[in-house]
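Structure assessment
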Amino acid sequence: MKKKQTAKYILCDTFSAMLAWALLYIFRKVVLENSGFQDVNQVFTDSNFWLGLIVVPLGWLILYTIMGAYRNVLRRARLKEFLDTAIASLIGVVVIFFSLLIDDNISTYRNYYASFLFLLFVHFVLTYIPRLLITSQTVRDVHSRRIGFPTLMIGSGKKAYQTYLDLENQETYSGNLFVGYVGVDGADAGEGSPLDKIMPRLGTVADLHQLVSQYDVEEAIVAVEPDEQERINSILSALDSSGDLIIKITPDARDLIVGSIKLDSIFHSPFIVINNRLMDEWQYSLKRIFDIVISLFAMLLLSPVYLVTAIVVKCTSPGPVFYAQERVGYHGKPFKMHKFRSMYVDAEESGPALSKDDDPRITPFGRFMRKVRLDEIPQFYNVLRGTMSLVGPRPERQFYIDQIVKRAPEYLLLQRVKPGITSWGQVKYGYASSVDQMVERLRYDLLYLDNMSLTTDLKILLYTVIIIFQGRGK
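Since we're looking at a predicted model, the values are computed, not measured.

1. Topic: helix H9 (residues 303–316)
Spanning 14 residues, H9 covers 20 Å between terminal C-alpha atoms, matching the ideal 20 Å at 1.5 Å per step. Buried residues of H9: Tyr306, Thr309, Ala310 and Val313, and no others. For H9, the angular spread of buried residues about the axis comes to 105 degrees, placing them on one side. Turned more than 90 degrees off the buried face of H9, the exposed positions are Leu307, Val308 and Cys315. Of the surrounding elements, those touching the buried residues of H9 are helix H8 (281–301), strand S9 (334–340), helix H10 (364–371) and helix H11 (380–385).

Spelled out as structure tokens, the structure:
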């Protein structure tokens with residue numbers, strides 16, 4: 001359903017952009033140049049018209065994607081649709097004006113302003129009307145229960161039951177399609193629950209991450225009893241690494257929540273809604289573009305360094321040049337992280353072990369590579385593949401994650417973002433040689449989540465470069 005809905009938006013946006021561009025050409029020919037309708041055929045013999053008919057819509061689609069127009073297509077609101085389309089139209093028309101129209105031959109600057117305003121108005125109207133029709137139909141489908149969002153109820157007592165009734169009986173259906181509920185207090189939770197006759201009990205809080213993935217859950221509603229409210233933090237920690245999951249909490253738990261929240265009670269039952277997006281969508285898009293551009297540039301610029309490093313690694317110790325190790329990344333998914341080999345072969349034949357100062361498993365050249373972070377540069381390949389970012393919490397192995405989570409369950413919050421080549425924790429603390437140090441470094445990475453932005457990423461990259469040139473890597 002989502003793919004079909006996304007395709008509708010893309011097709012309508014493409015056609016609207018093409019039509020707006022064609023109308024702009026006709027407007028300039030007929031009105032601004034006073035050529036009359038008899039000369040409109042000249043528009044279709046202009047090579048720039050046909051080139052723009054291909055390039056301009058593509059540019060609009062890129063802009064819409066960067067701004068997040070094709071995310072959550074089944075949850076669009078008509079007012080927000082209006083504002084988003086207006087902002088995108090203004091940005092896009094400014095770009096078109098200065099990149100494609102500013103060098104045109106004109107008789108007066110008044111024609112520039114007329115062209116700008118005409119394109120802005122026509123493009124906005126032609127884009128917004130189809131979007132409004134699609135969004136309105138989707139809203140009607142949700143309200144009439146033809147479209148629903150897989151929802152998980154967390155709680156098994158009277159409050160959870162009352163919350164379910166409130167959602168089902170509200171005047172405007174909000175689209176919550178319950179796949180089941182989860183008990184809060186362990187194995188006995190849910191026995192005799194009033195929810196048993198309505199939906200299946202799927203497990204406990206410990207199963208949340210698995211259940212969200214298994215049932216493609218889009219919303220989780222936390223409705224716990226007063227004596228269960230101390231479990232809120234552990235529930236959020238288990239849910240917060242589950243991608244774009246929408247988390248709603250019954251209002252009386254508001255004082256227990258830390259983070260970016262808002263009350264969502266305009267038309268439906270009131271809930272505290274946890275904002276699971278750490279940055280605006282355009283910042284996520286620019287972060288990914290920045291990752292790709294910098295990684296390509298770095299791999300090209302550092303190609304001689306790659307070659308020399310590979311030769312030295314091969315000549316100074318037997319074994320392969322590169323070392324690939326499974327780490328846990330975004331949304332808890334494992335991936336292979338690549339590095340230049342800095343240890344002797346079979347360094348972990350006795351099992352996983354963290355490196356320490358004067359670790360005999362590290363080769364002499366490997367010690368130098370770690371000082372200047374040279375062993376990390378193959379990870380630009382991971383960034384290109386999308387399994388890592390330039391900046392983000394350092395990924396760990398599941399063996400150590402299991403130990404960290406026992407002491408600091410909030411570690412799972414780090415899986416909300418892609419792991420990085422460098423991080424706030426890496427800059428401030430360096431490599432960790434024990435689980436204790438991993439837990440200590442965790443506080444810096446949690447600070448990164450609270451302050452995540454493109455500006456923060458640039459600062460961390462700058463300090464990383466300084467550390468590399470000073471050889472202060474730990």
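From this point, things continue past the structure.
2. Considering the pattern of salt bridges
Counting across every chain of the model gives 17 salt bridges. Between Glu218 and Arg75 there is a salt bridge, with the nearest N and O atoms lying 3.3 Å from each other. Of this pair, Glu218 sits in the loop between helix H6 (208–214) and strand S4 (219–222) while Arg75 sits in the loop between helix H2 (47–66) and helix H3 (78–101), and the two are 143 residues apart along the sequence. For Glu218, a relative accessible area of 18% translates into the label buried. Here Arg407 makes a salt bridge to Asp436, at a shortest N to O gap of 2.5 Å. Note that Arg407 is positioned in helix H12 (residues 398–407) and Asp436 in helix H14 (residues 435–450), a separation of 29 residues in sequence.

3. Notes on H14
Its 16 residues place the ends of H14 23 Å apart at the C-alpha level, agreeing with the 22 Å of an ideal helix rising 1.5 Å per residue. Along H14, the largest kink reaches about 25 degrees and is centred on Leu442. Taken together, the buried positions of H14 are occupied by Val435, Met438, Arg441, Leu442, Tyr444, Asp445, Tyr448 and Leu449. Taken together, the buried residues of H14 touch H8, strand S10 (389–391), H12, helix H13 (424–428) and helix H15 (454–470).

Here is what the cut-offs are and how they apply
- Residues numbered from 1 in each chain as written.
- Predicted model: local features only at pLDDT ≥ 70, side-chain atom pairs only at ≥ 80, totals over all residues.
- Heavy atoms only, no water.
- Helix = DSSP H or I, 4+ residues; strand = E, 2+ residues; numbered from the N terminus.
- Expected span 1.5 Å × (residues − 1).
- Buried < 20%, exposed > 50% of the residue type's maximum accessible area, 1.4 Å probe, protein only.
- Arc of directions from axis to C-beta.
- Contact = heavy atoms within 4.5 Å.
- Salt bridge = Lys/Arg side-chain N within 4 Å of Asp/Glu carboxyl O.
- Bend = angle between axes of the 7 residues up to and from the residue.

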